[in-house]
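# Observations on chain architecture
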2 protein chains.
Amino acid sequence: MAKKVLIVYAHQSSGSFNAAAKNAAVEVLTAQGCTVDVSDLYAMGFKATATAEDIKGEVKNAENFCYLEESKLAWEQGKLSADIMEEQSKLTEADLIIFQFPMYWFSVPAILKGWIDRVLTNGFAFSQEKRYSQGIFKDKKAMLSFTTGSLESMFSPTGINGDMNVTLWPLQNGILHYCGFQVLAPQVFWAPSSAVAEDCKSMLESWRTRLQGLLEEKPLSFISLDCFDDKAFQLKPEVQEKHASKEFGLTVGIHLNKPLPPHSQMKAGC
Amino acid sequence: MAKKVLIVYAHQSSGSFNAAAKNAAVEVLTAQGCTVDVSDLYAMGFKATATAEDIKGEVKNAENFCYLEESKLAWEQGKLSADIMEEQSKLTEADLIIFQFPMYWFSVPAILKGWIDRVLTNGFAFSQEKRYSQGIFKDKKAMLSFTTGSLESMFSPTGINGDMNVTLWPLQNGILHYCGFQVLAPQVFWAPSSAVAEDCKSMLESWRTRLQGLLEEKPLSFISLDCFDDKAFQLKPEVQEKHASKEFGLTVGIHLNKPLPPHSQMKAGC
């Protein structure tokens with residue numbers, strides 16, 4: 001069956017490398033028979049801030065407004081603002097979500113963080129029971145595709161910015177995997193702004209090649225929810241014991257005070 | 001001399017725990033003779049998204065707009081928008097910056113990410129030469145003070161969310177230390193929304209106690225810029241050699257494929 005893809009795209013300029021990467025994805029995936037939808041956040045003037053205006057009508061507790069609770073209630077009652085509901089509907093339809101952005105300050109730009117804060121509503125995108133490997137979107141795939149300002153060497157475990165696997169952990173584990181998404185390896189475009197035109201062209205070519213097989217790729221490895229107890233959410237003693245003699249920790253975050261598994265946030269099968 | 005403190009505060013409600021934490025900081029620091037300024041981002045309707053409107057007049061390259069470059073140029077020419085210049089002026093004045101916020105999706109809320117993206121302009125807050133331990137704000141201190149939704153155990157190296165030290169690395173190293181700030185240990189308020197009133201009160205009391213000596217605290221440890229070469233920005237061979245026999249990596253990100261130094265993003269002297 002033809003797959004549906006949503007590209008959440010955050011760059012101000014249609015002349016940018018990020019625009020070219022987004023356009024390449026639209027072209028290659030469409031040519032494969034996919035239906036591709038693009039949320040062009042700057043062009044849409046997407047509202048980034050999570051406020052009471054995201055909720056139609058009266059909020060439950062105006063004195064002590066809690067966005068997490070109020071937005072959950074509004075989602076249950078169909079009272080979220082139209083722009084949020086529109087994005088949620090695109091997300092529900094999609095089999096694969098690609099986030100295309102320039103890395104700003106070791107993370108996503110604020111406008112994209114706003115999409116994450118406002119669209120991934122409590123109840124719609126996760127619940128206490130349905131998260132991580134049991135997450136609501138466990139039948140969907142998601143991936144980060146981004147440009148950096150820094151060279152690749154600067155994001156190694158001996159580079160000045162530190163290991164890129166660490167920087168990616170909160171984004172890939174804390175947002176994507178948290179909602180259950182199968183997380184595909186990130187597409188990192190290293191410092192295109194410092195590269196010559198030919199190298200930029202070749203980065204885009206290798207992205208096009210990857211896009212051909214993207215939907216068949218294996219996702220990154222995370223830990224199954226049933227490896228944790230359901231009270232303190234700690235790794236079960238028997239799982240810890242099983243890994244006691246292993247050289248590396250289980251993931252970047254759940255590292256058991258061992259060396260981090262190399263490339264685990266960068267490549268499938270690590 | 002009396003110190004100046006800037007609190008960059010991001011919560012929608014004056015009845016929130018975050019508001020109480022912010023108010024406690026204003027009270028205790030003012031009582032000590034500090035001048036305290038608060039940027040209340042939601043109340044200010046602070047613009048979160050980085051756009052060409054942040055630059056007064058014509059931009060240099062409208063066809064291929066690059067925020068990093070255009071905002072640098074605008075800063076040099078005094079052409080940044082008034083709201084950004086106002087925040088930069090507060091920052092220039094301050095000896096200590098406290099970021100007070102609820103953690104959203106393993107990071108800061110979008111409105112605060114917007115403050116970071118827009119106010120920490122290239123040239124004003126960092127340059128190729130002036131960053132990390134040689135950063136522009138090396139005579140200033142900064143810290144994160146935030147609430148979590150999750151319990152502390154969930155953010156341990158065996159907890160479901162993974163080690164909090166990993167989640168804090170991109171924020172504390174990639175933003176604060178990158179600009180040169182001496183980073184004080186974070187103030188983490190674990191899950192006040194799940195706590196009974198008495199426990200919330202006691203969390204605020206311990207914050208008040210900490211605030212008394214906050215300005216004299218030692219900062220977290222990072223690696224001096226001169227430990228890296230100035231071409232590929234790799235840890236120098238002699239530094240690597242010196243640490244070859246050590247049990248732990250140098251920092252969370254520059255871990256040398258060793259176990260992460262425990263608590264290094266959470267406590268000074270680790």
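If you look chain A up in an unreviewed UniProt entry, it shows as Ribosyldihydronicotinamide dehydrogenase [quinone] from Fundulus heteroclitus. UniProt lists a comment for chain A under the heading Sequence similarities (unreviewed entry), and it reads "Belongs to the NAD(P)H dehydrogenase (quinone) family." According to the UniProt record, the Function (unreviewed entry) comment for chain A is "The enzyme apparently serves as a quinone reductase in connection with conjugation reactions of hydroquinones involved in detoxification pathways as well as in biosynthetic processes such as the vitamin K-dependent gamma-carboxylation of glutamate residues in prothrombin synthesis."

## Remarks on the confidence of the model for chain A
Per-residue confidence for chain A gives a mean pLDDT of 96; residues scoring 70 or more make up 99%. The ipTM value of the predicted complex is 0.97, and its pTM value is 0.98.

## As for the UniProt feature "domain: Flavodoxin-like fold" (unreviewed entry) in chain A
Taken from the UniProt record, the annotation "domain: Flavodoxin-like fold" (unreviewed entry) applies to residues 3-211 of chain A. End C-alpha atoms of residues 3-211 of chain A are separated by 13 Å, and the span's content is 38% helix alongside 15% strand.

## With respect to the pattern of salt bridges
Oppositely charged side chains can form a pair if their charged atoms are brought close together. Residues and elements named next belong to chain A. Applying the stated criterion to the full structure yields 18 salt bridges over all chains. Ionic pairing is found between Asp117 and Lys113, a salt bridge with its closest N-O pair at 2.7 Å. In this pair, Asp117 and Lys113 both sit in helix 5 (residues 110-119), four residues apart, roughly one turn of the helix. The residues Asp117 and Lys113 share a single accessibility class, namely buried. Sharing partners across several salt bridges, the network here consists of Lys47, Asp54, Asp83 and Arg118.

## Considerations on the nonpolar core
The biggest cluster of nonpolar side chains holds 134 residues, and the ones touching the most others in it are A:Leu112, A:Trp115, A:Leu120, B:Leu112, B:Trp115 and B:Leu120. Once residues within four sequence positions are removed from consideration, A:Leu120 is found in contact with A:Leu91, A:Trp115, A:Ala125, A:Phe126, A:Phe137, A:Ile175, A:Cys179 and B:Trp105.

## Section: the relation of the copies chain A and chain B
For the pair chain A and chain B, the superposition axis carries a translation of 0.0 Å, the fit reaches an RMSD of 0.0 Å, and the rotation angle comes to 180°. Such a turn and shift between the copies fits a two-fold axis. In terms of proximity to the rotation axis, the leading residue of chain A is A:Pro259, whose C-alpha is 2.1 Å off the axis. The share of interface residues of chain A whose copies in chain B are also at the interface is 100%, consistent with both copies meeting through the same surface.

## Quick notes on the interface of chain A and chain B
Contacts between the two partners involve 66 residues from chain A, matched on the other side by 66 residues from chain B. For the pair chain A and chain B, the summed buried surface comes to about 5,300 Å²; carbon and sulfur atoms form 62% of the total. Among the residues chain A hides against chain B, the three largest losses belong to A:Trp105, A:Thr158 and A:Ile160. Together they make up 17% of the total. Taken together, the links from chain A to chain B amount to zero salt bridges. Counting the contacts that link chain A with chain B gives 34 residue pairs in polar contact (both at pLDDT 80 or more). At the level of elements, helix 5 and helix 6 (164-176) of chain A are the ones that each hand at least two residues to the side of chain A that touches chain B. Per-element accounting of the side of chain A that touches chain B gives the leading share, seven residues, to helix 6 of chain A.

## What about the pairing of strand 4 (residues 141-147) of chain A?
Residue and element names in this part refer to chain A. Counting buried positions over the seven residues of strand 4 gives seven, a clear majority of the element. Neither face of strand 4 is exposed, since Lys141, Met143, Ser145 and Thr147 on one face and Ala142, Leu144 and Phe146 on the opposite face are all buried. Direction of pairing for strand 3 (residues 96-102) relative to strand 4: parallel, over a ladder of seven bridges. The residue bridging Gln100 from the neighbouring strand is Ser145, located in strand 4. Once you follow strand 3 into helix 5 and on to strand 4, the crossover reads as right-handed.

## Digging into helix 5 (residues 110-119) of chain B
Most of helix 5 of chain B sits inside the fold, with 10 of its 10 residues counted as buried. All buried positions along helix 5 of chain B are accounted for by B:Ala110, B:Ile111, B:Leu112, B:Lys113, B:Gly114, B:Trp115, B:Ile116, B:Asp117, B:Arg118 and B:Val119.

## Here's the deal with the state of the cysteines
Evaluated as defined, the whole model comprises zero disulfides over all chains. Here B:Cys66 stays unpaired: no disulfide links it, and the sulfur of A:Cys200, its closest cysteine neighbor, is 12 Å away. Exposure remark for B:Cys66: the relative accessible area of 25% places this residue in the partly exposed category. Just so you know, B:Cys179 is unpaired, no disulfide at all, and the nearest cysteine sulfur is the one on B:Cys66, 17 Å from it.

## A closer look at the packing of helix 6 of chain A against helix 6 (residues 164-177) of chain B
Interhelical geometry of helix 6 of chain A versus helix 6 of chain B gives an angle of 105° and a closest axis separation of 8 Å. Comparing the axis directions of helix 6 of chain A and helix 6 of chain B gives the class roughly perpendicular. Along the contact surface, helix 6 of chain A presents A:Val166, A:Thr167, A:Trp169 and A:Pro170, while helix 6 of chain B presents B:Val166, B:Thr167, B:Trp169 and B:Pro170. Classifying every residue of the contact of helix 6 of chain A with helix 6 of chain B by side-chain character gives six nonpolar, two polar and no charged.

## Things to note about the side chain of A:Arg118
Residues and elements named next belong to chain A. Within the secondary structure, Arg118 sits in helix 5. Using a relative accessible area of 1% as the deciding quantity, one classes Arg118 as buried. For Arg118, the contacting residues outside a window of four places in its chain are Phe46, Lys47, Ala48, Thr49, Ala50, Asp54, Tyr67, Ser81, Asp83, Ile84 and Gln88.

Cut-offs and rules
- Residues numbered from 1 in each chain as written.
- Chains lettered and ligands numbered in written order.
- Predicted model: local features only at pLDDT ≥ 70, side-chain atom pairs only at ≥ 80, totals over all residues.
- Heavy atoms only, no water.
- UniProt positions renumbered as here; feature names shortened; annotations may be inferred.
- pLDDT = per-residue confidence, 0-100.
- Helix = DSSP H or I, 4+ residues; strand = E, 2+ residues; numbered from the N terminus.
- Salt bridge = Lys/Arg side-chain N within 4 Å of Asp/Glu carboxyl O.
- Buried < 20%, exposed > 50% of the residue type's maximum accessible area, 1.4 Å probe, protein only.
- Core = buried A, V, L, I, M, F, W, Y, C linked by side-chain atoms within 4.5 Å.
- Contact = heavy atoms within 4.5 Å.
- Least-squares fit on C-alpha atoms with pLDDT ≥ 70 in both.
- Buried area = accessible area lost by both parts, 1.4 Å probe.
- Polar contact = N/O pair within 3.5 Å; in protein donor to acceptor, adjacent residues only side chain to side chain.
- Pairing = 2+ DSSP bridges.
- Right-handed = clockwise from strand over helix to strand, strands pointing away.
- Disulfide = S-S within 2.5 Å.
- Axes fitted to C-alpha atoms, helices over the stretch in contact; angles between N-to-C directions.
- Parallel < 35°, antiparallel > 145°, perpendicular 65-115°, else oblique.
- Nonpolar A, V, L, I, M, F, W, Y, C, P; charged D, E, K, R; others polar.

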